[in-house]
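# Breakdown of the fold
Residue-level listing of the chains:
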Amino acid sequence: FYTPYSSAALGNRQMPGVMVHAQMVSQILSAVLDNRPLPWFWSERKEVAWIWAWALLGGLLAWRLRHPLMLGLAGSAALVGLVGIGFSLFLQAGWIPIVAPALALIATGALTIVYRSLHDTLYDALTGLPNRKLFLRQLQWAITRHRLRPSGQTAVIFVDLDRFQVVNNSLGRQIGDQLLIKSVQRFKACLPAHQTIARMGGDEFALLLTDFEDLSAITEVAEQMQQQMTRPFRFNHQEVFTSISMGIVLLQPDLPYHAEAVLQNAQTAMHCAKTLGRSRYEVFAAGMQDQIVQRLQLETDLRRAIEQQEFQLYYQAIVDLTTNQIAGFEALIRWHHPDRGMVSPLEFIPVAEETGMILPLGQWIFREACHQIKGLQGRYPNHPPLMISIN
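Residues numbered from 1 in each chain as written. Predicted model: local features only at pLDDT ≥ 70, side-chain atom pairs only at ≥ 80, totals over all residues. Heavy atoms only, no water.

### Things to note about helix α5 (residues 132–148)
- With 17 residues, α5 extends 24 Å between its outermost C-alpha atoms, agreeing within 8% with the 24 Å of an ideal straight helix rising 1.5 Å per residue.
- Considered for burial, the residues of α5 that qualify are Leu134, Phe135, Leu136, Gln138, Leu139, Ala142, Ile143 and His146.
- In this structure, the buried side of α5 is in contact with α4 (99–122), β3 (153–161), β4 (196–201), β5 (204–212) and α9 (259–275). (Helix = DSSP H or I, 4+ residues; strand = E, 2+ residues; numbered from the N terminus. Expected span 1.5 Å × (residues − 1). Buried < 20%, exposed > 50% of the residue type's maximum accessible area, 1.4 Å probe, protein only. Contact = heavy atoms within 4.5 Å.)

### As for the pattern of salt bridges
- Here the structure, examined in full by the defined rule, presents eleven salt bridges.
- Residues Lys274 and Asp162 are paired through a salt bridge, measuring 2.7 Å at the closest nitrogen-oxygen approach. On the criterion of sequence distance, the pair formed by Lys274 in helix α9 and Asp162 in the loop between β3 and α6 (164–171) is long-range, its members being 112 residues apart.
- Its relative accessible area of 0% is what places Asp162 among the buried residues.
- Two residues, Arg303 and Glu299, come together in a salt bridge whose shortest N-O distance is 3.3 Å. One end of the pair is Arg303 and the other is Glu299, both in helix α10 (residues 288–308) and four residues apart, which spans about a single turn.
- Salt bridges linked by common partners bring Asp160, Asp162 and Lys274 together as one network. (Salt bridge = Lys/Arg side-chain N within 4 Å of Asp/Glu carboxyl O.)

### Focus on the pairing of strand β8 (residues 244–250)
- Most of β8 is tucked away: seven of the seven residues are buried.
- By the alternation rule, side chains of β8 split into Ile244, Met246, Ile248 and Leu250 and Ser245, Gly247 and Val249, which are all buried.
- Pairing of β3 with β8 involves seven bridges; the strand directions are antiparallel. Residue pairing in the sheet places Phe158 in a bridge with Gly247 of β8.
- The pairing of β8 with strand β9 (residues 281–283) spans three bridges and is classified as parallel. Within β9, the residue paired with Met246 across the bridge is Tyr281. (Pairing = 2+ DSSP bridges.)

In structure tokens, the structure reads:
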């Protein structure tokens, strides 16, 4: 017979059957006369459970440990522990599988790493929601299904948190992340089952609503979300208030839509809602795109105007009614656009506030007003001196 005991022989790898028989009888005699136990092993069910346990351990290590060095050290320690357990039991006349659990540990770890990489490319790490890439795929599937089998109303809602950057800058990024997570929880509480919500990035989210009766049912969801967001958020005994602006796009089954264009239209409607005062929703209409283009052009012109100092301060006199004398002035900023002429502050001040350009603009106002009042005080010394009011 070919046996492991004769495999090392170079000439003849066979062992006589009588030798094999003698080895078996020798073990039986040792067990009976010398009280030496025969090698024991588990049942098939226990071996399967043993292998599954190590497979789960490999998957858990690969999922929890993101750093490659830490994962390599933990995996090596697990393999060393497996071999150590097997060798210790072997010295006690026991036999348990070693190779199969080791392969299961490595295989499940590798598969978990692949799955995690795929998950990270399609899901947001902070909220666990689908990201923009996955949402566009789901939206395209919904568009195709709605075109082939129109049943109910399908809509996309683009959501943006108002004044989120103020919270993030004043209270810290950690509070900002917690605000996003709690906002998502409130969004989900307003959504019916089997509806999709995704994070587009930053403080922007998108909702895919399918099989709704009509527009009023969709706007009802938007109103519930706004109502939920009016309640304060509490972080470390501090209350934070915020609101949301939303843009809604309704899909028509007879129109050829593309997912990217639908999402862009919803974002356009959201920007219109912000322009009209925030904390509201707007349904997309064809003319909104022109409004957004005009706003972007105004933002570009405003940046150029700050660089080239196209602004001028007008001064409205403040009169002391008891003496009928001028006590000071109020500084009023005006913008002389080279092509459009005078631009109303009601038009460009909100854009400056939202884009952060109000800071350099405010600095210019302070410098110009202080320079002007200093010149006036030198020419017309008063007691008390002239003062200036800057809004």
